[in-house]
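Chains, contacts and geometry: an overview
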Amino acid sequence: MVKQKRSTKKPDQQSGNTLPDCPENQLDFQRMFPDEAACLKYLENMRWPNGFICEECSVVGEPFRISTHPRKLKCRSCHHVESVTSGTVMHRSKTSLLIWFWAAYYMATQTPGISALELQKKFGIRRYETAFQILHKLREAMVRPNRDKIGSKWPLELDLIYVGGKTRNGVQGVTDQVPVILAAEICHKEIRNQKTNKIIKHGLAGRIRLQKVPNKKAEYADKFATNCITQGATIVSDDGTEFTNLKLGFDHRPVPMRGDREKMDKHLPMISRVTANLKTWIDGTFHSVGQKHLQGYLNEFMFRFNRRFYRSTSFRTLLGFGILNTSRTYKEVYNGEYPENSSKT
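Residues numbered from 1 in each chain as written. Predicted model: local features only at pLDDT ≥ 70, side-chain atom pairs only at ≥ 80, totals over all residues. Heavy atoms only, no water.

1. A short note on the environment of Glu 140
By the element assignment, Glu 140 lies in helix H5 (residues 128-141). Assessed through its relative accessible area of 3%, Glu 140 is described here as buried. Each C-alpha atom, one on Glu 140 and one on Asn 325, is 8.0 Å from the other, the two residues being 185 residues apart in sequence. (Helix = DSSP H or I, 4+ residues; strand = E, 2+ residues; numbered from the N terminus. Buried < 20%, exposed > 50% of the residue type's maximum accessible area, 1.4 Å probe, protein only.)

2. Some details on the pairing of strand E6 (residues 156-163)
Most of E6 is tucked away: 7 of the 8 residues are buried. Here 8 bridges tie E6 to strand E7 (residues 178-192), and the two strands are oriented antiparallel to one another. For Val 163, the partnering residue across the bridge sits in E7 and is Val 178. Where E6 meets strand E9 (residues 234-238), 2 bridges bridge the pair, whose relative direction is parallel. Along E9, the bridge assignment pairs Glu 157 with Val 236. (Pairing = 2+ DSSP bridges.)

3. Considering the sheet that holds E7
Across a sheet, paired strands are connected by hydrogen bonds in the backbone, their directions being either parallel or antiparallel. Pairing within the open sheet is mixed, and its 5 strands lie in the order E8-E7-E6-E9-E10. Of all the strands in the sheet, the pair left with one neighbour each is strand E8 (199-212) and strand E10 (251-255). Within this sheet the neighbouring strands show an average axis-to-axis angle of 30°, counted without direction. The pairing of E9 with E10 spans 5 bridges and is parallel. Bridged to Ile 235 within E10 is His 252. Contacting E6, E7 and E8, helix H8 (residues 269-286) crosses the sheet at an angle of about 35° to E6. (Axes fitted to C-alpha atoms, helices over the stretch in contact; angles between N-to-C directions. Contact = heavy atoms within 4.5 Å.)

4. A word on the sheet that holds strand E4 (residues 72-74)
Reading across from one edge, E3-E4-E5 is the order of the 3 strands in this open sheet, with antiparallel pairing throughout. If you trace the sheet from one side to the other, it starts and ends with strand E3 (64-65) and strand E5 (81-83), each paired once. Relative to E5, E4 runs antiparallel, the two being bridged by 3 bridges. Within E5, the residue paired with Leu 73 across the bridge is Glu 82.

5. What to know about unusual backbone geometry
A positive phi is found at Arg 92, a non-glycine position, where the angle reads about 65°. The residue Arg 92 is located in the loop between E5 and helix H3 (97-109) in this model. The exposure class of Arg 92 is exposed, given its relative accessible area of 74%. Phi at His 287 is positive, roughly 70°, even though this residue is not glycine. On the basis of relative accessible area, His 287 is assigned to the exposed category, the value being 62%.

Right under this line is the structure:
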């Protein structure tokens, strides 16, 4: 007997068609979120999946709805008023939730993402600064609080790369580029070779971690490894001095490369692929990014890369993370000030 897969779709009251819990494509998104009210209802269901819970008296039940302030809910028991967006990256924003949802959808599901200038043009946002702030608040939310460490199941490749800027006068080691530590899991997937018809193991990059660092000193590599990588994990890297302390607590396997590109591609293939994808994305979508905001762009790249096989649910995941992250002021966003969860390696 074949078991039927349980449907996760719900009926659309206007058209009679069924809607998914997460938009699987742009048409789904347009049907799910035709207006501000639909966005508010979706966000409310995410925050209180079992019904509204008053923050003040903890009573569960249907709240009063204020017609003049649709984002606010009033407890029927103690009359405490609570905003649907309170405690989220959208709190106190005067921008329509529909624009916030579209921005989150593009950032979470589209490979190139979206720039602030493109967001401003697409949705008629009057000021560039508003679009800039929306995207950077969402980038901050892309880091899950207390996220898992990587390397518990798969070995890792680790390297220090340079992003943005350019090498000054062609002199090696003298550069305006920003140092970034990159770790990538080495996963293996069994596939069938079309020529020999044999099952072979195909390597691909698993989860990654990216962190901007002030320089290539060993102390920053040590801190990154401690906070991001599981103790005892197998790490392959070059034999640079920044990785000399990794032998303490990890199965570190350094490989002498001396800047040899062929050795790099052979021993650190995942690092080469991820680095190429990262730089292509930055050059193609933004052309260049500022040093003080670089970590935000790294967060966005990590979020999409780690969920590239689950694009249909990444939009809901991003909104869920946005509920767990409090909003920052424009000044904090513009100055590149990241809270502990976002800057934490």
